[in-house]
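# Observations on chain architecture
Now for the letters of each chain:
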Amino acid sequence: MTGTRRHRAAGPLFVAPFLALFLLLFLAPLGYAAYLSLFQSRLIGGTVFVGLDNYTQALGDPQLLHGVGRVALFFVIQVPVMLLLALLFALALDSGLLRLARMIRLGIFVPYAVPSVVAALMWGYLYGPDFGPFAQLSRKLGLPAPHFLSDGWMLGSLANIVTWEFVGYNMIILYAALRTIPQELYEAAAVDGAGAWRIAWSVKLPALRPALLLTLLFSVIGSFQLFNEPNLLMKIAPDVISSSYTANLYAYSLAFTGQQVNYAATVSFLLGLVIVIASYGVLLTANRGSRDSRAGRDSLRRAA
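Residues numbered from 1 in each chain as written. Predicted model: local features only at pLDDT ≥ 70, side-chain atom pairs only at ≥ 80, totals over all residues. Heavy atoms only, no water.

## Thoughts on the overall build of the protein
Formally: Only runs of H or I of at least four residues qualify as helices and only runs of E of at least two qualify as strands under DSSP, and these elements are numbered from the N terminus. Relative accessibility decides the category of a residue: with a 1.4 Å probe and only protein chains considered, values under 20% of the type maximum give buried, values over 50% give exposed, and everything between is partly exposed. Pairs of residues are marked as contacts when any of their non-hydrogen atoms sit within 4.5 Å.
Within the protein one finds 13 helices and 2 strands. Judged by the C-alpha coordinates and their principal axes, the protein covers about 80 × 80 × 45 Å. Expressed as a percentage of the 304 residues in the protein, the buried residues total 35%. In the protein, the proportion of contacts linking residues at least 24 apart, taken out of those at least 6 apart, comes to 65%.

Below, the structure written as structure tokens:
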């Protein structure tokens, strides 16, 4: 009995440090931010309780709405390209046909190890219309310099930076998932006459569905929290990137530039709500597609 009680007490003791840090570093700041979002600082009267007035104002704030819409467009453009590249690299590495596979895997993953601040500064230099290598090469060839930092190109330029940073990270997740697929499935498919492309389509891709869903959820969160890249490129292209270019950048500018801490807390909470809704939509769509495909396979088996 004494040993059983010790085993039962060990679990909470191991979890206690995490719970303490989770409470102090996540739940407590979150609760304080929720408290701040219910107040306003006024010239006359000081800080006063306003209830949900800040939320009503934020829902009609065109700067916030445009920022959320811009990152939603960024998500639609950037994430499919990034995940497709990560999937192709993972499948190529798993095929065993590449020479120097370890070096290639490391080379693709290295950009993720570069801090996002350094990556944004590096690409900002490459994009430069006056001193960047692309602009200099274009002038030597007698061509007009590409306007990577113009209003029409900026979202694509940001998408390129983020894709360069995170393709390797997502590739590692997908590659690790591929390595867990039982070898017996490949052998059974080969016995049935399936080639490499058929095995990739019918065996590997279905087995990668949970890992793809995980990377997609991470991408939803990361896209709507886009901050470092536009914040740094704003110094190079201030006429294109404003302080409200993304919702996260808008909340930061309100808090640390405009000193509107209460309204910044409100914007942050609404952004978190948008992320939760978008993530739930992704999960719901994925689960529905999984159920439909499973039902289709069951009906085919019954028909056979």
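## Looking at the packing of helix H5 (residues 116-127) against helix H7 (residues 154-179)
Just so we agree on the cut-off: The convention used is that axes are lines fitted to C-alpha atoms, helices contributing only their stretch in contact, and that angles between N-to-C directions extend from 0 to 180 degrees. Here roughly perpendicular refers to angles of 65 to 115 degrees, roughly parallel to angles under 35, roughly antiparallel to angles over 145, and oblique to all remaining angles. By convention, the crossing between two helices is left-handed when the near helix turns anticlockwise from the far helix through less than a right angle, and right-handed when the turn is clockwise. Residue polarity is assigned by list, with Asp, Glu, Lys and Arg as charged and Ala, Val, Leu, Ile, Met, Phe, Trp, Tyr, Cys and Pro as nonpolar; anything else, Gly included, falls into the polar class.
Direction vectors running N to C along H5 and H7 enclose 135°, while the axes themselves pass 10 Å from each other. What the angle tells us is that H5 and H7 run oblique. When you trace H5 past H7, the crossing you get is right-handed. Each of Ser116, Ala119, Met122, Trp123 and Tyr127 in H5 lies in contact with H7, whose residues at this interface are Ser157, Asn160, Ile161, Trp164 and Glu165. Each residue belonging to the contact of H5 with H7 can be placed in one class, and the counts come to 6 nonpolar, 3 polar and 1 charged.

## With respect to the packing of helix H8 (residues 183-191) against helix H9 (residues 196-207)
Where H8 meets H9, the closest approach of the two axes is 11 Å, and the angle between their N-to-C directions is 140°. Regarding the angle of H8 to H9, the classification is oblique. Remark: the crossing between H8 and H9 carries right-handed chirality. When H8 is examined against H9, the residues Leu185, Tyr186 and Ala189 are found in contact with a partner set consisting of Ile199, Val203 and Lys204. Here the contact of H8 with H9 is composed, by residue class, of 5 nonpolar, no polar and 1 charged.

## Digging into unusual backbone geometry
We note that Leu100 has phi near 55°; this positive angle belongs to a residue other than glycine. Mapped onto the secondary structure, Leu100 falls in the loop between helix H3 (62-95) and helix H4 (101-113). For Gln259, which is not glycine, the phi torsion reads 55° and is therefore positive.

## Some details on the nonpolar core
For the record, the criterion: Here the nonpolar core consists of buried residues drawn from Ala, Val, Leu, Ile, Met, Phe, Trp, Tyr and Cys, with membership extended through side-chain atoms lying within 4.5 Å.
Leu64, Leu174, Leu208 and Val267 are the most contacted members of the largest nonpolar core, which totals 44 residues. The element best represented in this core is H3, accounting for 11 residues. Not counting the four nearest positions on each side in its chain, Leu174 is found in contact with Ala86, Leu87, Ala90, Leu208, Ala211, Leu212 and Thr215. Among the nonpolar cores identified, the runner-up in size contains 21 residues, and Trp123, Val162, Met234 and Val240 belong to it.

## Here we look at H5
Structurally, the α-helix is built with 3.6 residues per turn, so residues lying three or four positions apart point the same way. Spelled out, the test is: Given the number of residues in a helix, its expected span is that number minus one, multiplied by 1.5 Å. In this description, one arc is meant: the one made by directions from the helix axis to the C-beta atoms.
Under the 1.5 Å per step criterion, the end-to-end length of H5 is 16 Å for 12 residues, consistent within 8% with the ideal 16 Å. The set of residues buried in H5 consists of Ala119, Ala120, Trp123, Gly124, Leu126 and Tyr127. Buried residues of H5 fall within an arc of 160° about the axis and therefore sit on the same side. Contacts from the buried residues of H5 go to helix H6 (133-140), H7 and helix H11 (228-233).

## Topic: the environment of Asp151
Tracing the backbone through its elements, the reader meets Asp151 in the loop between H6 and H7. Along the primary structure Asp151 and Tyr127 are separated by 24 residues, whereas in three dimensions their C-alpha atoms are 13 Å apart.

## A look at the confidence of the model for the protein
To be explicit about the condition: The pLDDT value expresses, per residue, how confident the predictor is, ranging between 0 and 100.
Predicted confidence across the protein gives a mean pLDDT of 86, with 91% of residues reaching 70 or more. The lowest-confidence element of the protein is helix H13 (residues 261-303), averaging 76 in pLDDT; the highest-confidence one is H7, averaging 94.

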